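Next come the chains, spelled out residue by residue.
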Amino acid sequence: MERRSVRRFESALALVTGGANGLGLGVARRFVAEGAVVWVADIDPAVEQIATDIGAAAGVPCDVSDAAAVDGVVADLVARHDRLDVCVANAGIGGGAAIVDLSEALYREILAVNLDGVFFTCRAAARVMIRQGSGAIVTVGSVFGRDTPGGAGVYGAAKAGVVAMTQALARELGPAGVRANCVSPGHMATDLYWRAIDRRAARAGASPEQVRADELAEVPLGRFGTGDDVAGLVAFLASADAAYLTGQTINIDGGLQPR
Ligand SMILES: NC(=O)c1ccc[n+]([C@@H]2O[C@H](COP(=O)([O-])OP(=O)(O)OC[C@H]3O[C@@H](n4cnc5c(N)ncnc54)[C@H](O)[C@@H]3O)[C@@H](O)[C@H]2O)c1
């Protein structure tokens, strides 16, 4: 069945972190298509050009692991538009190794982006949304936050932390009319995932093609997910269609059954 085009976010203000590539780019595109005024915040130096290309209102360089940088982006957005209706805390990095082999530097980097970054983003957005008495936050977790394979221990810990933080946020913000939910993707066709496939192949002494085929075989829907798949769920969760839905984590994984 074809997706019907709808415009649920006419003139709404939406911030998407990590929106210059991969899943976040799909999400940013969807909010633009549904009428939102979209700000993309990303560490990718091409963010400004990418934002222009997709019709977003702004593309701002920002490292989400830097609290002052995140606060600065949200302050600029609010100074310009006077509100923030939707915040998608999507920016993340992959990476990892078996825990016994993991350096402290990589451990800290994975947590800094995937957990600190979500904390800084949600905190800045929530402060604005509480003041205005409305808003929706969507965080991006991972199926590895609920079922973590070897080699992804710290990534999984960060993502489990995102789930916990989202649940607490929902409870804290509900009385102010602000909702918070988490989406947990499975195997998605992005650079982050292809790099993870290469690492798993190297660890297993297998070819990337073999690992890719093995992981695809875990997905009953028979394909890897896309930014557009995630965008549909994120947009639903941010929309009035999900007005009574908060504190939830929804897996978007094609029915993934890890072997
Ligand atoms: N691809 C998958 O299979 C998969 C599965 C589960 C969860 N996720 C999660 O989805 C989210 C998006 O991942 P993706 O697959 O689109 O990856 P991606 O690498 O394609 O895109 C990630 C984006 O985040 C940006 N980014 C990275 N570090 C940043 C930082 N410090 N500050 C600001 N921006 C930063 C990158 O520049 C990039 O634009 C991540 O949180 C990831 O953990 C992805």
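Residues numbered from 1 in each chain as written. Predicted model: local features only at pLDDT ≥ 70, side-chain atom pairs only at ≥ 80, totals over all residues. Heavy atoms only, no water.

With respect to the sheet that holds strand S7 (residues 249–252)
Applied cut-off: Whether two strands pair depends on DSSP finding at least two bridges between them. Elements are defined by DSSP. Helices are runs of H or I of four residues or more, strands are runs of E of two residues or more, and each kind is numbered from the N terminus. To obtain each axis, a line is fitted to C-alpha atoms, and for helices this fit is confined to the stretch in contact; angles are then taken between N-to-C directions over 0 to 180 degrees.
Strand order in the open sheet formed by seven strands is S3-S2-S1-S4-S5-S6-S7, and the pairing between neighbours is parallel. The sheet is open, and its two borders are formed by strand S3 (58–61) and S7, each paired with just one other strand. Geometrically, the sheet is characterised by an average inter-axis angle of 20 degrees between neighbouring strands, direction not taken into account. In this sheet, strand S4 (residues 86–89) lies alongside strand S1 (residues 13–17) in parallel orientation, the contact comprising three bridges.

Observations concerning the site of the ligand
So the rule is basically this: Here a residue is considered near a molecule or strand provided that any single heavy atom belonging to it is located within 4 Å of it. Whenever two N or O atoms come within 3.5 Å, that pair is a polar contact, provided that in protein one can donate a hydrogen and the other can accept it, and provided that, for residues adjacent in sequence, both atoms are side-chain atoms. Ten residue types, Ala, Val, Leu, Ile, Met, Phe, Trp, Tyr, Cys and Pro, are classed as nonpolar, four, Asp, Glu, Lys and Arg, as charged, and the remainder, Gly among them, as polar. Where each domain begins and ends is defined by an automated method or by a domain database.
Near the ligand there are 30 residues, and of these Leu 23, Asp 42, Asn 90, Tyr 155 and Thr 190 occur at the shortest range. Between the ligand and Asn 21, the relevant distance is 2.8 Å, taken from an oxygen atom to a side-chain nitrogen or oxygen of the residue. Cys 62 has a polar backbone atom sitting 3.4 Å from a nitrogen atom of the ligand. Contributions of two or more residues to the shell around the ligand are made by helix H1 (22–33), helix H5 (153–173) and helix H6 (191–204). Here the element with the most residues in the shell around the ligand is H6; it accounts for four residues. Taken together, the residues that form the shell around the ligand break down as 14 nonpolar, 10 polar and six charged. Split by domain, the shell around the ligand shows at least three residues from each of two domains, domain 1 (13–186 + 226–251) and domain 2 (189–224).

A word on the nonpolar core
Test applied: Think of a nonpolar core as a cluster: buried Ala, Val, Leu, Ile, Met, Phe, Trp, Tyr and Cys residues, connected wherever their side-chain atoms sit within 4.5 Å. For every residue, the accessible area (1.4 Å probe, protein chains only) is compared with the maximum for its type, and the residue is labelled buried under 20%, exposed over 50%, or partly exposed between those bounds. Whether two residues are in contact is decided by their heavy atoms, any of which lying within 4.5 Å being enough.
Grouped together as the largest cluster of nonpolar side chains are 35 residues, with contacts concentrated most on Leu 15, Leu 84 and Ile 137. Of the residues forming this core, the biggest block, nine residues, is contributed by helix H4 (residues 104–132). Not counting the four nearest positions on each side in its chain, Leu 84 is found in contact with Leu 13, Leu 15, Val 74, Leu 77, Ala 125, Val 128, Met 129, Gln 132 and Ser 134.

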